[in-house]
Amino acid sequence: MTEPRPGARSARDLLRDGNVSRLLGSQLISTLTFGLLAAALGWQAYHRTGSPLTLGLIGLAEFIPALVFALPAGQAADHLDRRKVTAAGMGIVVLMSLALALDAGLGDTRALPLYFLAAGLGTGRAFASAAFSPMLAASVDAGDLPRTMAMSSSTWQGALIFGPFIGGLLQAAGNVTPYVVAAVLDLVGVLLVLGVSRHVGTSHRASITGPPTMRDATAGVRLIFATPALLGAISLDLVAVLFGGATALLPVIASDILHVGAVGYGVLRAAPGIGAVAVGLVLAGRPIRRRVGPVLLIAVALFGAFTILLGLSTAYWLSFVALLLLAGSDMVSVYIRSTLAPLLTPAHLRGRVVAVERVFVGASNELGAFESGVLAQFIGTVGAIVVGGA
């Protein structure tokens, strides 16, 4: 891991930078929206059908757009103003949130509309994520990158503490409320992104020459496979999130195993964020600077072990602790990967690399949810979680 150069800015100094604070603020809001929507959508989808397979299909619906739009999203992020690409992606999430509110308000009891709207959410996130991470990396010097990425990871995970919890509380107030709140929050995030300086959103375009080609579109894929450290970190995370998608089954765990309501479910959804943000705060103060490979392997092994513990638990407090610990372990691998990627990627290629990385890792959370839902349908919830962890 690259060691911060002498004189690298402190976390407080970074937050005083208007571009960094706006980007982190937008990330905080959009992640709150993500957690809120995930909690509401998962709860309502399961209660419309009573089948864990529904949760898996919701995850698949969110994954497919990330796969389909990976190359176009990466091209857009590297050829256009990244502020506008991010804002457009978040704008799609706003529209899908309002459509979900309308569907819930009309009293629809079918699962099919939820699949199409989940696909719309996945489309918006595919474009927003491809442009956002490179823009954050462009807002600081290389020496400030490890601490900035630790702060970003902590912001993301911290929002996951409150997003699902808020989603659970709002769900208790009615099916429409969570989606309306999500739309308003994400709109504020759009305004913050558009307030970032033009240089941060467009500086990468100085290296772009000529019209886009298919070879340009696949440049991110080629770079990942040509860079062993990057390929290794992404591949390991891919396996972990693909088979460790236990959190997608939390509506089933809360309802059928722990027998708690929407608020208890919201607290469980918040537990991973609490564990991850605690580890993220430690990493922000003490970045990992040596023996990165062994640390990554140990973290992913612990992630699997704590996932098994979650699957075997029948006590609310133990399930909560397992979620804390598995997310804390995952946070270490997320931090390592998110710091390595921009350090090993030229600025003009970061959008295409992030778009591919999202398919490998980020969107595999949704594919992992599909795997967990399908497996739970055939061997039961406990078996699906334990097998995935193993």
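Everything below is about the structure printed above this text.
The structure reproduced in this document is the subject of the present report. This structure is a prediction, so every number in the text was calculated from the model and none was measured. (Residues numbered from 1 in each chain as written. Predicted model: local features only at pLDDT ≥ 70, side-chain atom pairs only at ≥ 80, totals over all residues. Heavy atoms only, no water.)

### Digging into the packing of helix 2 (residues 18-49) against helix 3 (residues 52-68)
Here is step 1 of the chain: As a packed pair, helix 2 and helix 3 sit with axes 8 Å apart at the nearest point and diverge in direction by 135 degrees. When the axes of helix 2 and helix 3 are compared, the pair comes out oblique. Remark: the crossing between helix 2 and helix 3 carries right-handed chirality. Where helix 2 approaches helix 3, its residues Leu41, Gly42, Ala45, Tyr46 and Thr49 are matched on the opposing element by Pro52, Thr54, Leu55 and Ile58.
Here is step 2 of the chain: Among the residues forming the contact of helix 2 with helix 3, the class breakdown is 6 nonpolar, 3 polar and no charged. (Axes fitted to C-alpha atoms, helices over the stretch in contact; angles between N-to-C directions. Helix = DSSP H or I, 4+ residues; strand = E, 2+ residues; numbered from the N terminus. Parallel < 35°, antiparallel > 145°, perpendicular 65-115°, else oblique. Left-handed = near helix turned anticlockwise from the far one by under 90°. Contact = heavy atoms within 4.5 Å. Nonpolar A, V, L, I, M, F, W, Y, C, P; charged D, E, K, R; others polar.)

### As for the side chain of Arg83
Here is step 1 of the chain: Tracing the chain through its elements places Arg83 in helix 5 (residues 82-105).
Here is step 2 of the chain: Ignoring anything within four residues of it in the chain, the contact list for Arg83 reads Met135, Val193, Leu194, Val196, Ser197, Arg198 and Gly201.

### Describing the environment of Val176
Here is step 1 of the chain: Here Val176 is to be found in the loop between helix 7 (145-173) and helix 8 (177-194).
Here is step 2 of the chain: Note: C-alpha distance between Val176 and Leu106 (70 residues apart in sequence) is 9.4 Å.
Here is step 3 of the chain: With near-sequence residues (within four places) excluded, Val176 lies in contact with Ala101, Ala104 and Gly105.

### With respect to the pattern of salt bridges
Here is step 1 of the chain: The final tally for this structure, using the stated rule, is 6 salt bridges.
Here is step 2 of the chain: Where Asp13 meets Arg16, a salt bridge forms, and the shortest distance between an N and an O atom there is 3.4 Å. Highlighted residues: Asp13 and Arg16, both in helix 1 (residues 11-16), separated by 3 residues, approximately one helical turn.
Here is step 3 of the chain: Residue classification places Asp13 among the partly exposed residues on the basis of a relative accessible area of 32%.
Here is step 4 of the chain: In this structure, the salt-bridge partner of Arg110 is Asp108, at a minimum N-O distance of 3.1 Å. (Salt bridge = Lys/Arg side-chain N within 4 Å of Asp/Glu carboxyl O. Buried < 20%, exposed > 50% of the residue type's maximum accessible area, 1.4 Å probe, protein only.)

### Quick word on the side chain of Ser139
Here is step 1 of the chain: Tracing the backbone through its elements, the reader meets Ser139 in the loop between helix 6 (112-138) and helix 7.
Here is step 2 of the chain: Taking the relative accessible area as the measure of exposure, Ser139 reaches 10% and is therefore buried.
Here is step 3 of the chain: When near neighbours in sequence (up to four residues on either side) are disregarded, Ser139 contacts Arg9, Asp17, Asn19, Val20, Leu23 and Val200.

### Observations regarding helix 15 (residues 292-312)
Given 3.6 residues per helical turn, the α-helix brings residues three or four places apart onto the same face.
Here is step 1 of the chain: Taking 1.5 Å as the rise per residue, helix 15 with 21 residues should run 30 Å; its terminal C-alpha atoms sit 31 Å apart, in good agreement.
Here is step 2 of the chain: Of all the residues in helix 15, the buried ones are Val292, Leu296, Ala299, Val300, Phe303, Gly304, Phe306, Thr307, Leu310 and Gly311. (Expected span 1.5 Å × (residues − 1).)

### Concerning the packing of aromatic side chains
Here is step 1 of the chain: One pass over the full model with this rule turns up 1 aromatic pair.
Here is step 2 of the chain: Considering the side-chain rings of Phe69 and Phe127, the 5.8 Å spacing of their centres and the 50 degrees angle between planes classify their relative orientation as tilted. Pair noted here: Phe69 is in the loop between helix 3 and helix 4 (70-79) and Phe127 is in helix 6, with a separation of 58 residues, a long-range link. (Phe/Tyr/Trp six-rings, centres within 6.5 Å; stacked < 30°, edge-to-face > 60°.)

### Quick notes on unusual backbone geometry
Here is step 1 of the chain: Positive phi outside glycine occurs at His259, with the angle close to 60 degrees.
Here is step 2 of the chain: Given the relative accessible area of 61%, His259 is considered exposed.

Interpretation note: all reported values are geometric properties and have no functional meaning in isolation.
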